[in-house]
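Now for the letters of each chain:
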Amino acid sequence: MISCPIPQVVWFKRDLRLEDHAALYQAALAGPVVALVIVEPAYWQGADTSARQWRFWRACLTDLAKAIARRGGRLCLRIGDAVAELEALRRDIGPFALWAHEETGNGFTFARDRAVRGWARMRGVAFVELRQFGVIRGRGLNRDHWAAAWDAMMEQPVLPIPPIVWQSAPGHDVLPGAAALGLAPDDACASAAAGRGAALATLESFLFRRGEHYTRAMSSPLSAPDACSRLSWHLAYGSISMREVWHATRERYAALPKEARHWRQALRSFMARLHWHCHFIQKLESEPEAEFRPFARRYEGLRRTADPSRLAAWAQGRTGYPFLDAAMRALQATGWATFRMRAMLMSFAAYDLWQPWQEAGLVLARAFIDYEPGIHWPQCQMQAGETGINTVRIYSPVKQGFDQDPQGRFIRAWIPELSQVPVAWLHALDRMDRDQRRALCPDYPPPIVDHAAAARSAHQAIAALRGTAEARAEADRVQRRHGSRKRSTTRKREGKIAAVRDRGNERAQMQLDL
Ligand SMILES: Cc1cc2nc3c(=O)[nH]c(=O)nc-3n(C[C@H](O)[C@H](O)[C@H](O)COP(=O)(O)OP(=O)(O)OC[C@H]3O[C@@H](n4cnc5c(N)ncnc54)[C@H](O)[C@@H]3O)c2cc1C
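Note that the structure is a prediction, hence the values are computed from the model and not measured.

Visitor: Can you help me understand empty space enclosed by the protein in this one?
Guide: Where empty space is left becomes clear once a probe the size of a water molecule has been rolled over the atoms. All chains considered together, the criterion is met by 3 cavities of 30 Å³ or more. By volume, the largest cavity is sized at about 200 Å³. Together, 17 residues line the largest cavity, and Arg14, Tyr43, Trp57, Glu103 and Arg112 are the ones closest to its centre. Of all the secondary structure elements, the ones that give two or more residues to the lining of the largest cavity are strand 1 (8-12), helix 2 (41-44), helix 3 (51-70) and helix 5 (107-123). In the lining of the largest cavity, the residues fall into 8 nonpolar, 4 polar and 5 charged. Quantified by volume, the second largest cavity comes out at close to 130 Å³. Along the walls of the second largest cavity sit 14 residues, with Glu102, Glu103, Thr104, Phe133 and Ile281 positioned nearest its centre. Along the lines of polarity and charge, the residues of the lining of the second largest cavity split into 4 nonpolar, 3 polar and 7 charged. Here the lining of the second largest cavity spans two domains, since at least three of its residues come from each of domain 1 (8-132) and domain 2 (196-286).

Visitor: Would you mind going over unusual backbone geometry with me for this structure?
Guide: What is expected of a backbone is that most residues other than glycine have negative phi and most peptide bonds are trans. Phi is positive for Asp20, close to 45°, though the residue is something other than glycine. Examined against the element boundaries, Asp20 turns out to sit in the loop between strand 1 and helix 1 (22-30). Under the relative-accessibility criterion, Asp20 is labelled buried at 4%. Phi at Arg230 is positive, roughly 65°, even though this residue is not glycine.

Visitor: Can you help me understand the site of the ligand in this one?
Guide: Lining the immediate surroundings of the ligand are 26 residues, of which Tyr214, Ser229, Arg230, Asp370 and Glu372 lie closest. Measuring from a nitrogen atom of the ligand, one finds a backbone N or O atom of Asp370 at 2.9 Å. One nitrogen or oxygen atom from the side chain of His376 is found 3.2 Å from a nitrogen atom belonging to the ligand. Burial of the ligand by the surrounding chains reaches 98%, relative to a free accessible area of 830 Å². No other element matches the 5 residues that helix 12 (residues 261-286) contributes to the shell around the ligand. In the shell around the ligand, the residues fall into 14 nonpolar, 7 polar and 5 charged. When residues of the shell around the ligand are assigned to domains, at least three map to each of domain 2 (196-286) and domain 3 (291-483).

Visitor: Before we go on, may I ask you to explain the UniProt feature "domain: Photolyase/cryptochrome alpha/beta" (unreviewed entry) in the protein chain in this structure?
Guide: Following the UniProt record, the feature "domain: Photolyase/cryptochrome alpha/beta" (unreviewed entry) maps to residues 6-135 here. Regarding residues 6-135, the helix share stands at 48% and the strand share at 19%, and the terminal C-alpha atoms are separated by 30 Å.

Visitor: Any chance you could explain the confidence of the model for the protein chain here in plain terms?
Guide: Low-confidence regions, as indicated by low pLDDT, have predicted coordinates that should not be scrutinised in detail. Of the residues in the protein chain, 94% reach a pLDDT of 70 or more, and the chain-wide mean stands at 92. Note on residues 488-514: pLDDT under 50 across the span, and 22 contacts to partners over four residues away in sequence or across chains.

Visitor: Is there a simple way to think about the domain arrangement of the protein chain in this case?
Guide: When the parts of a complex come together, some accessible area is lost, and that lost area is often taken as the interface size. The domains assigned to the protein chain are domain 1 (8-132), domain 2 (196-286) and domain 3 (291-483). Each of domain 2 and domain 3 has a C-alpha centre, and these two points are 26 Å apart. Between domain 2 and domain 3, the residue contacts involve 21 residues of the former and 26 residues of the latter. Together, the buried faces of domain 2 and domain 3 total about 2,100 Å²; carbon and sulfur atoms form 68% of this surface. Counting across the interface, domain 2 meets domain 3 through 0 salt bridges. Linking domain 2 with domain 3 are 6 residue pairs in polar contact (both at pLDDT 80 or more). Breaking the side of domain 2 that touches domain 3 down by element, the ones donating at least two residues are helix 9 (224-227), helix 10 (232-237) and helix 12. For the side of domain 2 that touches domain 3, the element with the highest residue contribution is helix 12, accounting for 7 residues. When its residues are assigned to classes, the side of domain 2 that touches domain 3 shows 13 nonpolar, 6 polar and 2 charged.

Visitor: In this structure, what is going on with the environment of Pro406? I would like to understand it.
Guide: Looking at the element boundaries, Pro406 is found in the loop between helix 18 (397-404) and helix 19 (409-414). Sequence separation of Pro406 and Tyr351 is 55 residues, and the distance between their C-alpha atoms is 24 Å. Setting aside residues no more than four positions away along its own chain, Pro406 makes contact with Gly401, Val423 and His427.

Visitor: Please explain the state of the cysteines as it appears in this structure.
Guide: The term disulfide refers to a covalent linkage connecting the sulfur atoms of a pair of cysteines. The tally for this structure, following the rule as stated, stands at 0 disulfides. The closest cysteine sulfur to the non-disulfide-bonded Cys76 is located on Cys60, 19 Å from its own sulfur. Taking relative accessible area as the criterion, Cys76 reaches 0% and is therefore assigned buried. In this model Cys380 remains outside any disulfide bridge; the closest cysteine sulfur is found in Cys189, 18 Å from its own.

What counts and how
Residues numbered from 1 in each chain as written. Predicted model: local features only at pLDDT ≥ 70, side-chain atom pairs only at ≥ 80, totals over all residues. Heavy atoms only, no water. 1 Å grid on protein atoms, 1.4 Å probe; cavity = no way out; pocket = protein on both sides within 12 Å on 5 of 7 lines; lining within 4 Å. Points joined across faces, edges and corners; volume = space filled by probe spheres on them. Helix = DSSP H or I, 4+ residues; strand = E, 2+ residues; numbered from the N terminus. Nonpolar A, V, L, I, M, F, W, Y, C, P; charged D, E, K, R; others polar. Domains from an automatic or database assignment. Buried < 20%, exposed > 50% of the residue type's maximum accessible area, 1.4 Å probe, protein only. Near = heavy atom within 4 Å. Polar contact = N/O pair within 3.5 Å; in protein donor to acceptor, adjacent residues only side chain to side chain. Areas by Shrake-Rupley, 256 points an atom, 1.4 Å probe, with all protein chains shown as cover. UniProt positions renumbered as here; feature names shortened; annotations may be inferred. pLDDT = per-residue confidence, 0-100. Contact = heavy atoms within 4.5 Å. Buried area = accessible area lost by both parts, 1.4 Å probe. Salt bridge = Lys/Arg side-chain N within 4 Å of Asp/Glu carboxyl O. Disulfide = S-S within 2.5 Å.

Structure representation (structure tokens):
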């Protein structure tokens, strides 16, 4: 007698696509596929989640459900605790095998995946988790060989959608709204085009039209929204895979003529950032506590308690620093910011306002549609100077404003209270006397702190912790576990030059910013 294969449940999380999907591909070879999504209300109660993230994820899910329906299947939607829903599914359809991608998420998903693994062991359910990024799970990680492993993963062919025999399973018909999940209203944030079609169109327009001046234009909030790839939210929810992006970029690069200097430089910078994506996520994968604790433990408690009024002024874009406030208000309204704006915002919260990065990081996480815990938390720590290994960079909001928005167009776009202020004063309102301020911008607050003084004292506090022999030993440990490696002799040479340049830059940065 021939026995029928049991259902293969593919649990979609942050991998909302059918293409280049290792778990779906393998599952489809093994038996009929149940496509499962679990909306976990407890996840959406977390302090790092927001309605804008939910709306984007929900739109990706709707798009995925349609793609499955076009192929004759039906997405099984469950709402509740993951273990409870899997147990209920088992009651509904009998024994099954479970497939998912290896998720490097926040503390909630880390604990939930552990619980699901425990449940699967107890129930005798085969639970297979497969890689979707260049991130390596488990004890076998060797940072010296990590970059080569990343290359090898990306070089593998993009997986096609396999022939799939779908099996349906009972579930909900309608996705809940944000309010039903207890999420605070967030209607001020513009919605972003989500789903597979939007991801492909974004990649195509970047590679063939928008990306030529990426390297030069990536930092200013005036040019970056068009010049950057804008793939972050598509990568964060998996409507396109990293490998698909990598292959398309490599192909485009190979087809470029030698004279296309800007394009070639742009795509090289871009490919480096694709690498960073996984490099950062690897840090959280290797050390999940990094969401809550600094990599260098000696910084623990450096910024002890949050000051709610300082944090609120920063989060509302009312610090009295026009360029910084404009960056925050733009982020709150669009759900996206350039790398430099994110770094400047975090730097100001951590150094100038001396707030714990954990608290400021939650404000930013909620504001980012593309919230990716594995990038976010290591970046927050790094911009707060608590990794023990990275250059301490204290951004001056005034200098950044002069550099990135010399005519004040960005400031004017986001801070209506400053519409009457002449451009000569826009970046440095302290050049106005009291009467001029009262006449031209009565509703805009004075600077919340003196940047030069605050940055100097922050720098001293960090320098005192970094200078000791113990700190250097700890930095070595962090570097061995999480630091990036140079890949060849040439790179070593380049690395030395870069290190010298960095040290120079660091001094310059401090001088300039103060
Ligand atoms: C404090 C702070 C928090 C951040 N939090 C997030 C986050 O939650 N989610 C997120 O996707 N990015 C985060 N970043 C990294 C970076 O700012 C964004 O990835 C980038 O601005 C997204 O825009 P883009 O897709 O147009 O990027 P592009 O410049 O076009 O880069 C392409 C892709 O490369 C990756 N990438 C780019 N820069 C970095 C970087 N510095 N580190 C790691 N990966 C990078 C991203 O996946 C990005 O989509 C954070 C940066 C800082 C300083």
